[in-house]
Amino acid sequence: NGSFRLPNLGINTYAAHIGVRYFPVSSQVDRVARNYDRLPNRWLVHARFSIGYNEYQVPDGPHYPVYLGSVFVSRRYAGKNKVYAGVGGAYYSSVYHFLRNNEVLVGKEKQNSWEGSVFVGNEFLIGRFGLVLEVGVPFKRTHLAEDFDIEKLGYKYYILQREEGPIKELTIHTFIKAVNLEASVIEFGTGVAI
């Protein structure tokens, strides 16, 4: 549940599916062959902004906002994929309130409530949708964190997707952010590329 509610049990179960397929006419249909122009490989500069909420330490406690942002460069390849790298940051207001309420690092609560990371990722493009896989390493941690790596998995929807003009892409996205393979926040946001 991305720590939106505690306890975050993280229970994963195996499942099986049984299905039935019905073809009203025939299962042997002629394929429609379309030749699409291959998109050129190109470099873009992106900015991404997100917000998420989580509970901290207390089940059924208050939800604290998490503000996330990143700047990165991408290169499209094979017409349907993007590889990218950049820097990102996240400000955890739950950490700020914890430090403030417990009088830890008095006067330095804000600067110890954010994390910064460098990351690389790949995006698989399927029309206006993109499936995002990302992994990063923190260069600055919050006071309470002992994270060694940061992962993100999610999708993007392209509101604007073009080859010409000052703004090439405008997206909305949903990611689940994990720290040390444990989900920490579900983030919702928007991004722009030039």
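Structure's up top.
Here's what I pulled together on the structure shown here.

Cut-offs and rules
Residues numbered from 1 in each chain as written. Predicted model: local features only at pLDDT ≥ 70, side-chain atom pairs only at ≥ 80, totals over all residues. Heavy atoms only, no water. Salt bridge = Lys/Arg side-chain N within 4 Å of Asp/Glu carboxyl O. Helix = DSSP H or I, 4+ residues; strand = E, 2+ residues; numbered from the N terminus. Buried < 20%, exposed > 50% of the residue type's maximum accessible area, 1.4 Å probe, protein only. Pairing = 2+ DSSP bridges. Axes fitted to C-alpha atoms, helices over the stretch in contact; angles between N-to-C directions. Contact = heavy atoms within 4.5 Å. Phe/Tyr/Trp six-rings, centres within 6.5 Å; stacked < 30°, edge-to-face > 60°.

### Considering the pattern of salt bridges
Stage number 1. Scanning all chains against the criterion turns up eight salt bridges.
Stage number 2. Here Arg 42 makes a salt bridge to Glu 163, at a shortest N to O gap of 3.1 Å. Placement of Arg 42 in the segment before β1 (43-54) and of Glu 163 in the loop between β6 (150-161) and β7 (169-179) is noted, with a sequence separation of 121 residues between them.
Stage number 3. Residue classification places Arg 42 among the buried positions, given a relative accessible area of 13%.
Stage number 4. The salt bridge involving Glu 115 is made with Lys 177; its shortest N-O contact spans 2.2 Å.

### Quick look at the sheet that holds strand β2 (residues 64-77)
Stage number 1. Ordered in space as β1-β2-β3-β4-β5-β6-β7-β8, the eight strands form a closed barrel in which the pairing is antiparallel. Taking each pair of neighbouring strands and ignoring which way they run, the sheet shows an average axis angle of 25°.
Stage number 2. Sheet topology note: the strand β4 (residues 114-126)/strand β5 (residues 129-140) ladder contains 11 bridges and is antiparallel. For Phe 124, the partnering residue across the bridge sits in β5 and is Leu 131.
Stage number 3. Relative to the sheet, helix α1 (residues 93-101) contacts β1, β2 and β3 (81-92), its axis offset from that of β3 by approximately 25°.

### With respect to the pairing of β4
Stage number 1. Pairing between β3 and β4: 11 bridges, direction antiparallel. The residue of β4 that forms the bridge with Gly 88 is Ser 117.
Stage number 2. Counting the residues that bridge the hairpin from β4 to β5 gives two residues, and of these Gly 127 lies at a positive phi of roughly 65°.

### Quick notes on the packing of aromatic side chains
Stage number 1. Taken as a whole, this structure holds four aromatic pairs when the rule is applied.
Stage number 2. Between Phe 72 and Tyr 84, the aromatic rings sit 4.9 Å apart at their centres with planes inclined by 40°, giving tilted as the arrangement. Residue Phe 72 is found in strand β2, and its partner Tyr 84 is found in strand β3; the two are separated by 12 residues along the sequence.
Stage number 3. By relative accessible area, which is 4% here, Phe 72 ends up buried.
Stage number 4. Tyr 84 sits in the buried class, given a relative accessible area of 4%.
Stage number 5. Look at Phe 72 and Phe 119: their rings are 5.9 Å apart centre to centre, the planes differ by 65°, and that puts the pair in the edge-to-face class. On the criterion of sequence distance, the pair formed by Phe 72 in strand β2 and Phe 119 in strand β4 is long-range, its members being 47 residues apart. Exposure class is identical for Phe 72 and Phe 119. Each is buried.
Stage number 6. Every member of this aromatic cluster is reached through a ring pair, and the members are Phe 72, Tyr 84 and Phe 119.

### What about unusual backbone geometry?
Stage number 1. Despite not being glycine, Glu 103 has its phi angle at roughly 50°, a positive value.
Stage number 2. The residue Glu 103 is located in the loop between α1 and β4 in this model.
Stage number 3. Overall, Glu 103 belongs to the exposed group, its relative accessible area being 64%.
Stage number 4. Even without a glycine there, the phi angle at Leu 105 is positive, about 50°.
Stage number 5. Taking the relative accessible area as the measure of exposure, Leu 105 reaches 32% and is therefore partly exposed.

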